[in-house]
Each structure stands twice: as C-alpha cells, then as structure tokens.
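Residue-level structural notes
The primary structure of each chain is shown beneath.
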Amino acid sequence: SQVQDMSSEKVRAAKDMAFVFDIDGVLVHGDRLIPEGKRVLEILNGDNELAIKIPHIFLTNGSGKPEQARVEQLSKILQQPISIEQFIQSHTPMRALSEYYDTVLVVGGEGYRCREVAEAYGFENIVVPNDILAWDPTIAPYRKFTEEERRTSRPRDFSKMNIDAIMVFSDSRDYATDMQIIVDLLRSENGRLHTMAKDPVSQRIPIYFSQGDLLCPTEHPYPRMSQGTFRIGLEAMYKALTGEDLERVVYGKPELATYKYADEVIASWMEIIHNDEKLPANIYMVGDNPASDIIGGNMYGWNTCLVRTGVFQGGENDENNPANFGVFANVLEAVKAAVKKEL
Ligand code: G3P
Ligand code: MG
C-alpha cells in the first residue's frame, strides 16, 4: 500500500543519514548534562516515529582517559547507552602508531591515566615525564617531586635506551617540566637523554599532538589555553634554540585524518546496528566550535550545524567558518531540522 511504501522509503532515508556529535558544548558541559542532548540520543536510539535506530557517532577533541572509562562516564551523564565502537576522542586514531614505535614518551593528563591510554593502544614501552624525573630530578630544576609521585613512577636508566617518539595525548599539567623534557628529547641523539645531537634535524625523533585547539572553555570566565598553545610555545623554543623549524603531526578536529577515521567508524557502526557496512550519504556534524567542528566538517563535505550552547556566542552565523546547514539554539533543534529534511 501507499502508506507502507512511504514508511519503507523513510526507513531507507533514516539509514542513509548519520549524525556526528561533538561532546563538550553540545551534549554536556564537563560533568553537567545539556538536557536536549539526552533527548536527542533517546530519539536516535529508537524513540522516533519509525522506531528505528538512526546512526550516530561521537567525535570529540577531549582526551586524557581510556575510551572505555570516558564512554561509561558519558553514558551515566546522558543516561543513554554509548558504545566505544561509536566513540572517537582526540587520541583514538593514534592507536595505529603503536605499530611503528615501541618506546614512547606520553605527555599530559591527570596522574598516570595517559599511561593507561597508551597501554590500551598497544604501545610496548611507555614512558611518562615522572618516570624520567624519578631517574634524574635535575632534569627539571624547579620541580618539586613528591614521595607519592616517586613511589608510583617507573624509573629506568634513560641514558641507556632510546625513546622512539613523543606523543602529547592531553593537556600538560606542568608546562615547565614537560617542555624541558620534550626539548631535551628533540635535541638528543635519536631520543637518548643525556645526549645532544650535533645535527638537530637528522637525529630528531618525531613528535605528535592529539589535537590543536588553542583554547578550551572551562568554569573560568575566559577560555583557558590548551594543547595548541602548548605546541606553539614548544615550536618557538625549538626554533630559538636550534634555528630549525619543528616538524610535527597534529591529530583531532579539524585535521583531515580525523574525519577520514570518522568515516571508517560510521561505516563499521552501520554494520553493528543495521548489518550493513556502508557510509550513509547525508552526514550531519553538530558542533559548538566554528574553528574545529565546523571548519573541519565544511572542508570534508558534511552538513554542518552550529549550536549556541558552547564556544560560539556570535550573531546569525560564524563569520569565518559559517555552518552550512544552519545555526541552532541547541542540539535538539539541529537534529529535528536535519531529520525533517531527510525523512
Ligand atoms: O578542547 C578540548 C575539549 O574540551 C573539546 O571537546 O567535545 O568540544 O571536541 P569537544
Ligand atoms: Mg565542543
């Protein structure tokens, strides 16, 4: 019948669209729920006229804890199931680097959580700045190294082993110490501490950053500096000390590699929920930050929706990186508009 045709047409359309959600400023603020975020997930998880799952994944520049832990925390706040198979944080694609590097310095984050992240990614020999301090505290002359930190670190003789690469996973909790150690390694012979390379370039180990945001909104009235500013500081120091430019790789939004990775995750998520590994034709990115979510989505050919619940505080649309599908009061308005257009 006509009614049946119409509804099977709608089911096809529902499987041919997907949402990519930014997290901070769209679904939550830190640990605080944005109520429209919860409603949106209910709708997409099946509370809709077709009683069908509408594919969606999460793409955040957040970092600092293992995927499983972060997904559990988010599920609790949003009171909706979230699988790690539909979840990408800034360092998730860096998992692939464990095939190339055995011994890595992992920088950033709280306590030893980024060590856990690197372990989960399969890196064999993980070093964090505290392991180096416990071996040689003179490396960071102004740092007060506590007994507790010494007890929980894993010192080794770093003058007898090479570190193959530097991975900045999350925000540095101690710029002075982390920058000193990173610059020492970049200037060393192939990543061996207590050495200084004669030629700064040919023996330099690679450095990776999990994301490039300059600023991050927090409880403070003005956004706080993030990994992007940390990187720019390092680049300037390295240039001043060696005369050379620092080559580096940055992951996260709005870098192209991250959007390609997201396509793979959407396709495999389609296999999980609809037994059909394919990339839907109409992808909607919902984000609050024009300089990461929106510019990246625009460049990648996605439909972009900018919401007013986070970083963006401007007028009709962002002047530099306007959202191509529109600006919305919140994530629920954006999803309703997209669903209305497609179904
Ligand atoms: O700036 C880092 C992080 O807080 C951004 O998260 O979810 O808005 O990409 P998100
Ligand atoms: Mg955001």
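Residues numbered from 1 in each chain as written. Chains lettered and ligands numbered in written order. Predicted model: local features only at pLDDT ≥ 70, side-chain atom pairs only at ≥ 80, totals over all residues.

A count of helices and strands for the chain gives eleven helices and 15 strands. Radius of gyration (C-alpha) of the chain: 22 Å, near the 20 Å computed for a compact globule of 343 residues. Here the chain, with 343 residues, has 42% of them falling under the buried criterion. (Helix = DSSP H or I, 4+ residues; strand = E, 2+ residues; numbered from the N terminus. Rg over C-alpha atoms; globule rule 2.2 N^0.38 Å. Buried ≥ 20, exposed ≤ 12 C-beta atoms within 10 Å, placed from the backbone.)

Moving on to the site of ligand 1. Asp22, Ile23, Asp24, Gly25, Thr60, Asn61, Gly62, Asp213, Cys216, Ser226 and Asn289 make up every residue found near ligand 1. Here the shell around ligand 1 is composed, by residue class, of two nonpolar, six polar and three charged. No fewer than three residues from each of domain 1 (2-90 + 254-342) and domain 2 (94-250) sit in the shell around ligand 1. (Near = placed C-beta within 6 Å. Nonpolar A, V, L, I, M, F, W, Y, C, P; charged D, E, K, R; others polar. Domains from an automatic or database assignment.)

For the rest of this paragraph, the subject is the confidence of the model for the chain. In this model, the chain carries an average pLDDT of 96, and 100% of its residues clear a pLDDT of 70 or more. Interface scoring of the predicted complex returns ipTM 0.97; its pTM is 0.95. (pLDDT = per-residue confidence, 0-100.)

This part covers the domain arrangement of the chain. By domain assignment, the chain separates into domain 1 (2-90 + 254-342) and domain 2 (94-250). Between the C-alpha centres of domain 1 and domain 2 there is a distance of 32 Å. Residue-level contacts link eleven residues of domain 1 with 15 residues of domain 2. For the side of domain 1 that touches domain 2, the class distribution of residues is two nonpolar, seven polar and two charged. (Contact = placed C-beta atoms within 7 Å.)

To continue, consider the pairing of strand E13 (residues 282-287). The two faces of a sheet get side chains in turn, since along a regular strand they alternate between them. Within E13, five of the six residues are buried, which leaves the element mostly enclosed by the surrounding structure. In this sheet, E13 lies alongside strand E1 (residues 17-21) in parallel orientation, the contact comprising five bridges. Bridged to Val20 within E13 is Met285. With four bridges connecting them, E13 and strand E14 (residues 303-307) associate as parallel partners. Bridge pairing in E14 links Met285 to Thr304. Where the polypeptide runs from E13 across helix H10 (residues 290-300) and back to E14, its parallel neighbour, the crossover connection is right-handed. (Pairing = 2+ DSSP bridges. Right-handed = clockwise from strand over helix to strand, strands pointing away.)

Between helix H7 (residues 175-187) and helix H8 (residues 227-242), the least distance of the axes is 11 Å, while the angle of their chain directions is 45°. As summarised for this structure, H7 and H8 are arranged oblique, according to the angle between their axes. For the pair H7 and H8, the crossing hand works out as right-handed. Where H7 abuts H8, its residues Tyr175, Met179, Ile182, Val183, Leu186 and Arg187 lie against Phe230, Gly233, Leu234, Met237, Tyr238, Leu241 and Thr242. When its residues are assigned to classes, the contact of H7 with H8 shows ten nonpolar, two polar and one charged. (Axes fitted to C-alpha atoms, helices over the stretch in contact; angles between N-to-C directions. Parallel < 35°, antiparallel > 145°, perpendicular 65-115°, else oblique. Left-handed = near helix turned anticlockwise from the far one by under 90°.)

What the five strands build is an open sheet, ordered E7-E6-E8-E9-E12; its pairing is parallel. For this open sheet the edge positions go to strand E7 (125-127) and strand E12 (249-250), each flanked by a neighbour on one side alone. The pairing of strand E6 (residues 103-107) with E7 spans three bridges and is classified as parallel. Paired with Leu105 across the bridge in E7 is Val127. Packing against the sheet, H7 makes contact with E6, strand E8 (165-168) and strand E9 (207-209), and its axis sits at approximately 150° to E6.

Below, the discussion takes up the sheet that holds E1. If you walk across this open sheet you meet the six strands as E5-E4-E1-E13-E14-E15, and the pairing is parallel. Edge positions in the sheet fall to strand E5 (87-88) and strand E15 (326-328), since each has one partner strand and no second.

This part is about helix H2 (residues 35-44). Taken residue by residue, H2 has Glu36, Gly37, Val40, Leu41 and Leu44 as its buried positions. Down the axis of H2, the buried set is contained in an arc of 140°. They therefore lie on one face. Positive backbone phi, approximately 130°, marks Gly46, located one or two places after H2. (Arc of directions from axis to C-beta.)

In this structure, Val20, Phe21, Tyr284, Val286, Cys305 and Val331 are the most contacted members of the largest nonpolar core, which totals 48 residues. Here the element with the most residues in this core is E1; it accounts for five residues. Counting residues in each nonpolar core, the second largest holds 36 residues, with Ala118, Ile166, Val168 and Leu186 among its members. (Core = buried A, V, L, I, M, F, W, Y, C linked by C-beta atoms within 7 Å.)

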